[in-house]
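Here is how the chains run, residue by residue.
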Amino acid sequence: MNILLTSAGRRTYLVDYFKEALEMAGLTGAVHAANSQVSPAFFAADRHIITPLIYDQAYIPFLLDYCGRWNIDLLIPLFDIDLPVLAGSRDLFASAGTTVVTADSPSVGICNDKWKTFQALTGRGILTPRSWLEPEAPLREIRGGNLFYPLILKPRWGMGSLSVYQADDEEELRVLDRKIRREIGQSYLKYEAAKDLDACVLIQEKISGRELGLDVINDLAGVYRTTSVKEKNGMRAGETDGAVTLSLPELSALGARLSGLLGHRGNLDVDILEQDGQYYVLEMNARFGGGYPFSHAAGIHLPYALVMWASGKEPEEIYLKARTGVQARKDIRILVQDEMSGKEEKP
C-alpha cells in the first residue's frame, strides 16, 4: 500500500506514524510526502516530490499523474487550502484508484468558511461564538447592551493565528477590519477570500475559558467511530503545543453530532472553548490537526486504522480508544539535509 501526504510541511511525525502503520498491518509499500518546496517531512518520507502550487492549474493533473505512476492508495491532505481543491477532485482520484481522505466538498466548505461554520452549528443548536460579517451589526448589539467588548476579528477563510486580532473599542474594530482585509490580499488567504471580498472578515464575540480540542474520527465510509478529548495547556503559532487527554462524555457526544453533520473521512480537528460550564465550538478542520499527536500518544492510531480500512479490514478496538490522563508536549529537533532518507522524484 502506498500513501501520499500532501502539504506535508513539518509533520514528520505523521510520516513516521504511517510508516509504522504499514508495518503494523504487515503491508509493503511506501509513504510519500509532497510540498511546493523542500519541507522537513521529506526527511522522514520514503519518497518525496515538489508539486506545483495548490492553486496552479497544473496541481491536480500533476497529482493524478503521480498517484497513477506510484499506485497511491490513500491521498491525505494536511493543509486547509488544499482541502477544497482535492475534495472537489475526489471522483477523479477515485477513478485512478486513489482515495482522498477528507470530507466532501460541502462539508469542507463548512469547515473552511467560518461564517458557514457559524450558520451550520447554530442551525443545529450547537453553541458557537456569535458572529458577524461587517462592523455595523455587532456595533448595534453593543449600543443595545446585548454585546460587550472585546471582540475578535479574523479572516473568514483563515487558519492558525494568521491575522487574528482583538478589538477593545469601536475605533479598533474599524481599523482592524481594514487591516485584516489588506493582510488577506497579501497572503495565500486571498484565493478563498476572492469568493466574497466584501465579506471576507469575521467578527466574533470573545469567549474566554478552558481550551479544549477534539479528534472526531470517522472511517473511510464517513461512519463515526470515536472522539478523543484533550485539554490544551500550551499553544504556539495557533497550534497545540501541549495537551492532556480527558474523559468528558458530553464532548464525546458532541463529537458524534459533528460527525453526523459533516460525514467526513478520517479526522475532524475541533477547537472548543468552555465558558461558565458550557462548551462552544470555535473552529473545525477536516484533516489531521496539530492536536492529533496528543491523541496518538494516548493510544489512538488513526493512520493504522486508515490503512486497515483501506485494506478492507477492521482495526483492533484498542487503536480507536484514547487513554485518559496522558499528558504530552511537542519538542523541536534539527534535521540535517545530508541525512535526508526519502528518494526524490523529479517533477
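The structure we're discussing is the one just above.
Everything numeric in this text was worked out from a predicted model, so none of it was measured.

Caption draft 1: Structural context of the side chain of Glu-283. Following the sequence through the fold, Glu-283 ends up in strand β14 (residues 278-285). There is a polar contact of 3.4 Å between the side chain of Glu-283 and the side chain of Lys-154. For Glu-283, the contacting residues outside a window of four places in its chain are Lys-114, Lys-154, Asp-269, Val-270 and Asp-271.

Caption draft 2: Structural context of the packing of aromatic side chains. Summed over the entire model, instances satisfying the criterion amount to nine aromatic pairs. With a centroid separation of 5.8 Å and an interplanar angle of 50°, the aromatic rings of Tyr-13 and Tyr-17 are classed as tilted. Taken together, the residues Tyr-13 and Tyr-17, both in helix α1 (residues 12-24) and four residues apart, mark about one turn of the helix. Arranged with centres 4.3 Å apart and planes meeting at 20°, the rings of Tyr-55 and Tyr-191 form a pair that is stacked. With Tyr-55 in the loop between β3 (47-50) and α3 (59-70) and Tyr-191 in helix α10 (residues 190-193), this residue pair connects regions lying 136 residues apart in the sequence. With a relative accessible area of 31%, Tyr-55 lands in the partly exposed category. Note on Tyr-191: relative accessible area 41%, which makes it partly exposed.

Caption draft 3: Local environment of the pattern of salt bridges. On inspection of all chains with the given rule, the structure shows 23 salt bridges. Arg-90 is the salt-bridge partner of Asp-104, the closest N and O atoms lying 3.1 Å from each other. Of this pair, Asp-104 sits in the loop between β5 (99-100) and α6 (105-112) while Arg-90 sits in helix α5 (residues 90-95), placing them 14 residues apart in sequence. Between Arg-174 and Glu-136 there is a salt bridge whose closest N-O contact spans 2.7 Å. In this pair, Arg-174 sits in helix α9 (residues 170-185) while Glu-136 sits in helix α8 (residues 136-143), placing the two residues 38 residues apart along the sequence.

Caption draft 4: Representation of unusual backbone geometry in the model. With an omega of 5°, the peptide bond running from Tyr-149 to Pro-150 counts as cis. Positionally, Pro-150 belongs in the loop between α8 and β7 (151-155). At Asn-71, a residue that is not glycine, the phi angle is positive and equals roughly 50°. Following the sequence through the fold, Asn-71 ends up in the loop between α3 and β4 (74-77). The exposure class assigned to Asn-71 is exposed, which follows from its relative accessible area of 54%. If you check the backbone angles, Ser-163 has positive phi at about 60° while not being a glycine. Mapped onto the fold, Ser-163 is located in the loop between β7 and β8 (165-167).

Caption draft 5: Region of the structure containing the sheet that holds strand β11 (residues 224-236). Taken in spatial order, the six strands make up an open sheet running β14-β13-β10-β11-β12-β15, and their pairing is antiparallel. The outermost strands of the open sheet, each flanked by one partner alone, are β14 and β15 (327-329). Across the sheet, the axes of successive neighbouring strands diverge by a mean angle of 30°, strand direction being ignored. In this sheet, β14 lies alongside strand β13 (residues 266-275) in antiparallel orientation, the contact comprising seven bridges. Pairing of Leu-273 across the sheet is with Tyr-280, part of β14. Strands in contact with helix α11 (residues 249-262) are β10 (210-218), β11, β13 and β14; relative to β11, the strand with the most contacts, it is inclined by about 115°.

Caption draft 6: Representation of α9. Helix length check: α9 (16 residues) gives 23 Å between terminal C-alpha atoms against 22 Å at 1.5 Å per residue, within 8%. Turning to α9, the residues buried within the fold contact α8, β7, β8, α10 and β9 (201-205). Where α9 begins, one side-chain oxygen reaches toward the backbone nitrogen of Glu-171, 3.2 Å away; that side chain belongs to Asp-169.

Caption draft 7: Here's a closer look at a nonpolar patch on the surface. On the surface, a cluster of nonpolar side chains totalling about 340 Å² of accessible area is made up of Tyr-55, Leu-162, Tyr-188 and Tyr-191. In this fold, Tyr-188 is placed in the loop between α9 and α10.

Caption draft 8: Highlighting the sheet that holds strand β6 (residues 131-132). Pairing within the open sheet is antiparallel, and its four strands lie in the order β6-β9-β7-β8. For this open sheet the edge positions go to β6 and β8, each flanked by a neighbour on one side alone. Judged from the three bridges that link them, β7 and β8 form a sheet pairing that is antiparallel. Bridging from a neighbouring strand, Leu-153 pairs with Tyr-165 of β8.

Caption draft 9: Examining the nonpolar core more closely. With 36 residues, the main nonpolar core has Leu-4, Leu-86, Phe-93 and Leu-153 as its most contacted residues. Elements that contribute at least two residues to this core include exactly α3, α4 (82-87), α8, β7, α9 and β9. With six residues, the top contributor of residues to this core is α3. If you look at the next biggest cluster of nonpolar residues, it comprises 34 residues, including Tyr-13, Tyr-17, Ala-44 and Leu-306.

The rules behind the values
- Residues numbered from 1 in each chain as written.
- Predicted model: local features only at pLDDT ≥ 70, side-chain atom pairs only at ≥ 80, totals over all residues.
- Heavy atoms only, no water.
- Helix = DSSP H or I, 4+ residues; strand = E, 2+ residues; numbered from the N terminus.
- Polar contact = N/O pair within 3.5 Å; in protein donor to acceptor, adjacent residues only side chain to side chain.
- Contact = heavy atoms within 4.5 Å.
- Phe/Tyr/Trp six-rings, centres within 6.5 Å; stacked < 30°, edge-to-face > 60°.
- Buried < 20%, exposed > 50% of the residue type's maximum accessible area, 1.4 Å probe, protein only.
- Salt bridge = Lys/Arg side-chain N within 4 Å of Asp/Glu carboxyl O.
- Pairing = 2+ DSSP bridges.
- Axes fitted to C-alpha atoms, helices over the stretch in contact; angles between N-to-C directions.
- Expected span 1.5 Å × (residues − 1).
- Patch = residues over 30% accessible without salt bridge, like charges linked within 9 Å, V, L, I, M, F, W, Y side chains within 5 Å.
- Areas by Shrake-Rupley, 256 points an atom, 1.4 Å probe, with all protein chains shown as cover.
- Core = buried A, V, L, I, M, F, W, Y, C linked by side-chain atoms within 4.5 Å.

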